[in-house]
Amino acid sequence: MRSNNIKILLNLIVIFYLPIAGFTQQPSISIDSLRLQLNNAKGIEKVNILIDISKYYWDVNPDSSVIYAEKSLKEAKADGSDDAIGDAYNALGNAYSSKYQNETALNYYLKSLEFRELNGNPLKIGNSYHNLGLVYRELKQFNLAVSSHTKAADYYEKAKRYDLQSISYNRIASLYNQINDKNKALEYAFKALNIVNENNIDELKANLYNLIGSLNRDLKNLELAEKYYTLAFKEWEKSKNISGLSTAYNNLGIILDEKGDLQKALEYYTKSLEFATQQRDSSGIATAYNNIGFLYARIKQFDKALMSYQKSYEISVKTNGVDAAHNTLNNIASTYLKQNNLEKASEALNKALRNIPNVVDQAYKQETYQLLSDLYSKKGDYRNAYHYKC
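Not measured: the values here are computed from a predicted model.

Student: Would you mind going over the overall build of the protein chain in detail, with residue names and values included?
Tutor: A count of helices and strands for the protein chain gives 19 helices and zero strands. A compact globule built from 390 residues would reach a C-alpha radius of gyration of about 21 Å, and the protein chain, at 23 Å, matches this within 12%. The principal-axis extents of the C-alpha atoms in the protein chain amount to approximately 70 × 45 × 40 Å. Counting over 390 residues, the protein chain shows a buried share of 52%. Contacts spanning at least 24 positions in sequence make up 55% of the contacts within the protein chain whose residues lie at least 6 apart. For the protein chain, the accessible surface area stands at approximately 18400 Å², while carbon and sulfur atoms represent 47% of it. Separation of charge centres in the protein chain, based on 48 positive and 43 negative side chains, amounts to 3 Å.

Student: Let's hear about the nonpolar core: which residues, and what values?
Tutor: One recurring pattern in soluble globular proteins is that nonpolar side chains are buried together. Counting 64 residues, the largest nonpolar core has Leu132 and Tyr169 as the members making the most contacts within it. When neighbours within four sequence positions are excluded, Leu132 is seen to be in contact with Leu106, Tyr109, Leu110, Leu113 and Ser148. The next biggest cluster of nonpolar side chains, apart from the first, holds 33 residues, and it includes Leu266, Ala305, Ala325 and Tyr388.

Student: Tell me about the side chain of Lys182, and name the residues and values.
Tutor: With respect to the secondary-structure elements, Lys182 resides in helix H9 (residues 182-198). Of the polar contacts made by the side chain of Lys182, one reaches the side chain of Asp218; its length is 3.2 Å.

Student: Give me the pattern of salt bridges: which residues, what numbers.
Tutor: Under the counting rule described, the total for this entry stands at 19 salt bridges. Among the ionic pairs, Glu75 bridges to Lys46, the shortest N-O distance being 3.8 Å. With a gap of 29 residues between them, Glu75 in helix H3 (residues 62-79) and Lys46 in helix H2 (residues 43-60) connect regions that are remote in the sequence. Close ionic contact of Arg116 with Asp87 constitutes a salt bridge, the shortest N to O distance being 2.9 Å. Residue Arg116 is located in helix H5 (residues 102-119), and its partner Asp87 is located in helix H4 (residues 82-98); the two are separated by 29 residues in the primary sequence. Of the two residues, Arg116 and Asp87, neither departs from the other in class, the shared state being buried.

Procedures and definitions
- Residues numbered from 1 in each chain as written.
- Predicted model: local features only at pLDDT ≥ 70, side-chain atom pairs only at ≥ 80, totals over all residues.
- Heavy atoms only, no water.
- Helix = DSSP H or I, 4+ residues; strand = E, 2+ residues; numbered from the N terminus.
- Rg over C-alpha atoms; globule rule 2.2 N^0.38 Å.
- Buried < 20%, exposed > 50% of the residue type's maximum accessible area, 1.4 Å probe, protein only.
- Contact = heavy atoms within 4.5 Å.
- Areas by Shrake-Rupley, 256 points an atom, 1.4 Å probe, with all protein chains shown as cover.
- Lys, Arg positive; Asp, Glu negative; His and termini not counted.
- Charge placed at Lys NZ, Arg CZ, Asp CG, Glu CD.
- Core = buried A, V, L, I, M, F, W, Y, C linked by side-chain atoms within 4.5 Å.
- Polar contact = N/O pair within 3.5 Å; in protein donor to acceptor, adjacent residues only side chain to side chain.
- Salt bridge = Lys/Arg side-chain N within 4 Å of Asp/Glu carboxyl O.

Geometry only, nothing functional implied.
Listed below in structure tokens is the structure:
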């Protein structure tokens, strides 16, 4: 497949779906300043500083993040404010989420919601439902994830935070996309876009145009896909967003590739690679190399294809891009099958087969099984060919 951060189609390349940033950011002031402020702080002020210190440790030392979140809860309970207790439980949920302990995070987010509902702040209630949606997604509880993000959107509307309401609908679109319900994903993507347009939230337009373009591409609506990719390109060009431009060149390259303008597509993939390299964006670099490899395989320049695929695969493995690495392994195997190099194809597919339990995207798994079927068919082992056939 061509590369895309949320892959869908068999034997296609990767399209970027840019992630939506989380609502909670790490504190901008230094940890030393926070500790200094802590010395004289009391009550809710102290709770908030402890929460900020906990945020600081999310990526640095998650265990310390938990310790400071626990201290914030102790201080909040001493203060007795429902608002402070809700924030402290939320901080504990975030801390355990940073440790990938999602069941524990879920319990603390539910406690946070309980106290925030008592306090009645629609923004904070919305944030709790947002966090629940994220953790339910990690736990693969799709319906609860959709329900939580829907409730988050409702509360953000009450709080007049239309930017966050739009992001919640974007999250729901992403969830439907994950289960391959493209039309439902489009429905929510347009809901998000309508909110953005009605409220002139320009900074969210590009990502939504890009998402709508990718969903239309998956639905084979290439003209609409090109239209929305071009709108995304213009927004990123206007804001001089280099990472966004890398994405736009990649996705427009895919459209040109599928229309048969391979020379122009190669130029766009190469441009995407240049921007991704400039940004030191490992995922973008891996994506570009995968798609360049896919194009070379299409024109039967297999050695060049395999060189590009190998670069992509090594970067994805190094950066723990499980699905991206798996997609590229499938492409490597497909290329060896085209060369009739069954030994090398078998080597790549056995590696892919061992990795399947860790892969999220169902289309990548299906492609592996189909390639295994093709491999056994070439070997004359029709029983196994039938077993793996999709």
